[in-house]
Amino acid sequence: MKNNNYYITTPIYYVNDQPHIGHAYTTIAADVAARYQRQCGREVFFLTGVDEHGQKVQEAANKRNVPPKQHCDELCQRFQTLWDRLNISNDDFIRTTEERHKKTVQYVLQKLYDQGEIYKGSYEGWYCLPDERFWTEKDLVDGNCPECGRKVQSIQEHNYFFKMGKRRDWLIEHLNTNPTYIRPESRRKEVLGFLKKNLGDLCISRPKERLSWGIPLPFDEGFVTYVWFDALINYISAPGYPFQEEKFQAVWPASYHTVGKDILTTHSVYWSTMLDALELPLPQSIFAHGWWTINGQKMSKSLQNVVEPNQLVEEFGVDAIRYFLLREVPFGLDGDFSHRALIGRMNSDLANNLGNLLSRALNMINKFCGGKTPKPEITGKGDEELKSIAGEVVNGLEEQYERLAFDKILSSVWKLIDYTNKYIVVNEPWALAKKEEDRPRLNTVMYNVAESLRMAAVLIYPFMPQTAKELADQLGLEADVAKTSPETLKEWGGLKPGQAIHSGQALFPRIDEKKAKKILDKVESAWEQGTKEDQDLLTIEEFMKIDLRSGVVVEAEKIKKSKKLLKLKLDIGSETRQVCAGIAESYEPEELVGKKVIFVANLKPAKLMGIESQGMVLAASDEGGKVVLAGYDQDVMPGWKVK
Ligand code: ME8
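Residues numbered from 1 in each chain as written. Predicted model: local features only at pLDDT ≥ 70, side-chain atom pairs only at ≥ 80, totals over all residues. Heavy atoms only, no water.

**A short note on the sheet that holds strand β16 (residues 548–558)**
- Taken together, the 5 strands give an open sheet; going across it, the order is β18-β17-β16-β19-β22, and neighbouring strands pair in antiparallel fashion. Where the open sheet ends on each side, the last strands, each with one partner, are β18 (576–581) and β22 (616–617).
- Here 5 bridges tie β16 to strand β19 (residues 596–600), and the two strands are oriented antiparallel to one another. Bridge pairing links serine 550 to isoleucine 598 in β19. (Pairing = 2+ DSSP bridges. Helix = DSSP H or I, 4+ residues; strand = E, 2+ residues; numbered from the N terminus.)

Here it is, written out as structure tokens:
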């Protein structure tokens, strides 16, 4: 960390679709870190934004039939609205279509071009359209894109390249000498593994005739900038590089780039080498977190409806969602989202352990102590343990935040909350309240409980800002939890005695079985609908299993007793196949001989009217039974693959 500054970023999300729970996850995590650092008194710059150029966005706009900029404006608004709802405290929001960003991208391109770091070359190889990535023959897995498994296209064109490959040894050295550059450790090893292979140069342009929606190269109007080269620069364009030198110098290098594991290579390899070429220092750490599935399934458009972040906030409240996402799964590992687990945690951790503790404590302070936090007098059972648990929580914080170990932080705060509940049970304030001579002890017990709750308010603030403020208000705290450094909690006893409490609503209402059932039933029926819609769709892999071939009819005859079927013999290049086709009402056998058809070659053989059929010919048909064979608009040879 440079001086007292802390600069944290999220990826800038594509505006090709609505924000979903995965986007919310990274953004909430970065928000928690930013809020904690602000509490500690650091100068925080927290950046998020949207990635608006490139093929994906252009295609999404085309699909909606609106100009790309209008599409971006509308989708960008959805992200911003969601971040407001999720209480995201970003200091800036960058859009890659903004002038300030374009100017920086063009500056960087020109600078690297002038330095000889960018050159024009010709590219021949494979291209994955949805991922917008180039691959060499060696990279392909079963002939498909190694990242997404989809089909790649063969491509040949002139383009501009950034000299990335020559920086491979330097980057390996940087990773070896800076073990926390990529976190968690398992991901650093993954990147080192990736770098073992040869590292090529990075194609940083796209010819305008193929893609127009991008930032033009300043030195060649015929090209736009590759979307990843454009997007990564957001991390320096937002803080002002190179036009606002002072502002930029104050925040760069970033303390943390938080990203999902899907985009670790682009950050650790492309971005690091780009920065090196610009002679800028590298960020301190890149953290790649894991992947959320939904009830064990990959997020998809239809399932996404069930866990749409706005709906979740409406149903469960913002803080419960923020808490759940960071408590349920260690940051860095993959996790599975389920409403059942969310309700479970809301009831146990939030309503029972925390919510009940506050309402019990305030009730007793009202009843036994005249509604004011008492002054502690006599020490006794459990005091030392309570203080020592609180000490452990506070002392571990800095290091845990340094590692972004959110689940660990929360579990240790809940250890304090759980122990405070036990402390009440062990000390029985209701019994102490019965005897005047026990009053000094009662005062200590109630003071300690309130002090523990005050600590909890400060500690949970980064995760649950609204709840923390509500907790602090009910306890009657004067200090703003957002500005109370957890450092100050190192000493037990910061709570001022004599403060009036203000009991209010329960922090978290319990979701009883009836309500839980209603929610789960609703989710399940939406879920079934969603998965059904999903099942109706073929993946590209499923489609590719169908072996479609061109075939030529060499023989055709009627089948006795069948009005509809004809028996055909087809030359499909490698062999002759016999098939039965339901086209007898539309075609005479003689007119079929020599016809080129589309043929499904890998269908299980079947017997129709006692005749073996090994495949199927494709045809269109209307409601009235008219059938037209599918064919070609040019001549084809038997056995060609149809795709
Ligand atoms: O990749 N689980 O944008 P993107 C967890 N524009 N996190 C998830 C997730 C899931 N199932 N799905 C998405 C891009 N994410 C580029 C980034 S940065 C210079 C350019 C989160 O809209 C996660 O943070 O595809 C992932 O890295 C990011 O969304 C990808 O967002």
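Next comes the rest of the account.
**Some words on the packing of aromatic side chains**
- A full pass over the atoms with the stated rule returns 30 aromatic pairs.
- When the ring of tyrosine 113 is compared with that of phenylalanine 219, the centres are 3.8 Å apart and the planes differ by 10°; the resulting orientation is stacked. One end of the pair, tyrosine 113, is in helix α4 (residues 99–114); the other, phenylalanine 219, is in the loop between β10 (216–217) and β11 (220–225), with 106 residues separating them in the sequence.
- With a relative accessible area of 17%, phenylalanine 219 lands in the buried category.
- Ring-pair connections join several aromatic residues into one group, and the members of that group are Tyr25, Tyr36, Tyr256, Phe287, Trp292, Phe324, Phe331, Phe337, Tyr401, Phe406 and Phe463.
- Note that lysine 103 overlies the ring of phenylalanine 243, its terminal NZ or CZ placed 4.8 Å from the centroid.
- A cation sits over an aromatic face here: arginine 210 above tyrosine 127, 4.7 Å from the ring centre. (Phe/Tyr/Trp six-rings, centres within 6.5 Å; stacked < 30°, edge-to-face > 60°. Buried < 20%, exposed > 50% of the residue type's maximum accessible area, 1.4 Å probe, protein only. Lys NZ or Arg CZ within 6 Å of the ring centre and 35° of its normal.)

**Some thoughts on the pairing of strand β3 (residues 92–95)**
- Side chains of β3 alternate between two faces, with Asp92 and Ile94 and Phe93 and Arg95 buried alike.
- Here 4 bridges tie strand β2 (residues 43–51) to β3, and the two strands are oriented parallel to one another. Looking at the pairing, leucine 47 lines up with aspartate 92 of β3.

**Overview of the site of the ligand**
- Surveying the vicinity of the ligand reveals 23 residues, the closest of which are Ile12, Thr26, Asp51, Asp262 and Trp292.
- Interatomic distance of 2.7 Å between a side-chain N/O atom of aspartate 51 and a nitrogen atom of the ligand.
- A distance of 3.0 Å separates an oxygen atom of the ligand from a polar atom in the backbone of glycine 260.
- Within the complex, the protein chains bury 94% of what would otherwise be the 680 Å² of accessible surface of the ligand.
- Of all elements in the fold, only β1 (5–14), α1 (21–39), α7 (227–232) and α8 (234–237) reach the threshold of two or more residues within the shell around the ligand.
- Considering every element that reaches the shell around the ligand, the biggest residue donor is β1, with 4 residues. (Near = heavy atom within 4 Å. Polar contact = N/O pair within 3.5 Å; in protein donor to acceptor, adjacent residues only side chain to side chain. Areas by Shrake-Rupley, 256 points an atom, 1.4 Å probe, with all protein chains shown as cover.)

**Concerning the nonpolar core**
- If you look at the biggest cluster of nonpolar residues, it comprises 172 residues, and the most contacted ones within it are Phe162, Phe229, Ile236, Trp252, Phe316 and Trp414.
- For this core, the leading source of residues is helix α14 (residues 339–369), giving 14 residues.
- Within the second largest apolar cluster, 18 residues are counted, among which are Leu570, Leu592, Ala601 and Leu629. (Core = buried A, V, L, I, M, F, W, Y, C linked by side-chain atoms within 4.5 Å.)

**Some remarks on the side chain of aspartate 51**
- As for its placement among the helices and strands, aspartate 51 is situated in strand β2.
- Among buried charged residues, aspartate 51 stands out as having no salt bridge; its nearest opposite-charge side chain is lysine 56, 8.3 Å away.
- Ignoring anything within four residues of it in the chain, the contact list for aspartate 51 reads Ile12, Tyr13, Tyr14, Val15, Val57, Thr96, Val227 and Ala231. (Lys, Arg positive; Asp, Glu negative; His and termini not counted. Salt bridge = Lys/Arg side-chain N within 4 Å of Asp/Glu carboxyl O. Contact = heavy atoms within 4.5 Å.)

**Comments concerning the pattern of salt bridges**
- In the structure shown here, the tally under the stated rule is 42 salt bridges.
- Ionic pairing is found between arginine 64 and glutamate 74, a salt bridge with its closest N-O pair at 2.4 Å. Residue arginine 64 is found in helix α2 (residues 55–64), and its partner glutamate 74 is found in helix α3 (residues 68–85); the two are separated by 10 residues along the sequence.
- A residue is classified by how much of its surface remains accessible, and arginine 64, at 37% relative accessible area, is partly exposed.
- When its relative accessible area of 30% is taken as the criterion, glutamate 74 is described as partly exposed.
- Across the pair lysine 496 and glutamate 478 runs a salt bridge, and its minimum N-O distance is 3.1 Å. Of the two residues, lysine 496 sits in the loop between α19 (465–475) and α20 (513–536) while glutamate 478 sits in the loop between α19 and α20, which places them 18 residues apart along the sequence.
- Its relative accessible area of 47% is what places lysine 496 among the partly exposed residues.
- Residue glutamate 478 is classed as exposed on the basis of its relative accessible area of 63%.
- Among the charged side chains, a salt-bridge network with shared partners connects Glu52, Lys69, Asp73 and Arg95.

**Some thoughts on the packing of α14 against helix α16 (residues 406–427)**
- Look at α14 against α16: their axes get within 10 Å of each other, and the N-to-C directions meet at 45°. In this view, α14 runs oblique relative to α16, as classed from their interaxial angle. Crossing geometry of α14 relative to α16 is assigned as left-handed. The segment α14 lies against α16, with Asp349, Leu350, Asn353, Leu354, Leu357, Arg360 and Met364 engaging Trp414, Ile417, Asp418, Thr420, Asn421, Ile424 and Val425. (Axes fitted to C-alpha atoms, helices over the stretch in contact; angles between N-to-C directions. Parallel < 35°, antiparallel > 145°, perpendicular 65-115°, else oblique. Left-handed = near helix turned anticlockwise from the far one by under 90°.)

**Focus: the domain arrangement of the protein**
- Domain parsing of the protein yields domain 1 (338–541) and domain 2 (546–629).
- The distance between the C-alpha centroids of domain 1 and domain 2 comes to 72 Å. (Domains from an automatic or database assignment.)

**Here's the deal with the environment of valine 642**
- Structurally, valine 642 can be placed in the segment after β24 (627–629).
- Taking C-alpha positions, valine 642 is 7.5 Å from isoleucine 598, a pair spaced 44 residues apart along the chain.
- If sequence neighbours within four positions are ignored, valine 642 has contacts with Leu548, Arg549, Ser550, Ile598 and Tyr632.

**Observations regarding the pairing of β2**
- The buried count for β2 comes to 8 of 9 residues, which makes it a mostly enclosed element.
- Read from β1 through α1 to β2, the crossover connection turns out right-handed. (Right-handed = clockwise from strand over helix to strand, strands pointing away.)

**Comments concerning the environment of threonine 293**
- By the secondary structure assignment, threonine 293 is in strand β14 (residues 292–294).
- Owing to a relative accessible area of 23%, threonine 293 belongs among the partly exposed residues under this scheme.
- Sequence separation of threonine 293 and threonine 484 is 191 residues, and the distance between their C-alpha atoms is 36 Å.
- Look past the residues within four positions of threonine 293 in its chain and what remains in contact with it is Lys298, Gly335, Asp336 and Phe337.
- Engagement of the side chain of threonine 293 in a polar contact is seen with the side chain of aspartate 336, the distance being 2.8 Å.

**Digging into the sheet that holds strand β9 (residues 205–207)**
- Read across the open sheet, the 3 strands follow the order β9-β11-β10; overall the sheet is antiparallel. Looking at which strands have only one partner, the edges of the open sheet turn out to be β9 and β10.

**What about unusual backbone geometry?**
- The linkage connecting arginine 183 with the following residue, proline 184, adopts the cis geometry, with an omega of -10°.
- Within the secondary structure, proline 184 sits in the loop between β7 (182–183) and α6 (185–196).
- For the peptide bond that leads from tyrosine 241 to proline 242, omega is -10°, which places it in the cis range.
- With respect to the helices and strands, proline 242 occurs in the loop between α8 and α9 (245–251).
- The phi dihedral of aspartate 142 is positive, around 50°, even though this residue is not glycine.
- Tracing the sequence through the fold places aspartate 142 in the loop between β5 (133–135) and β6 (153–162).

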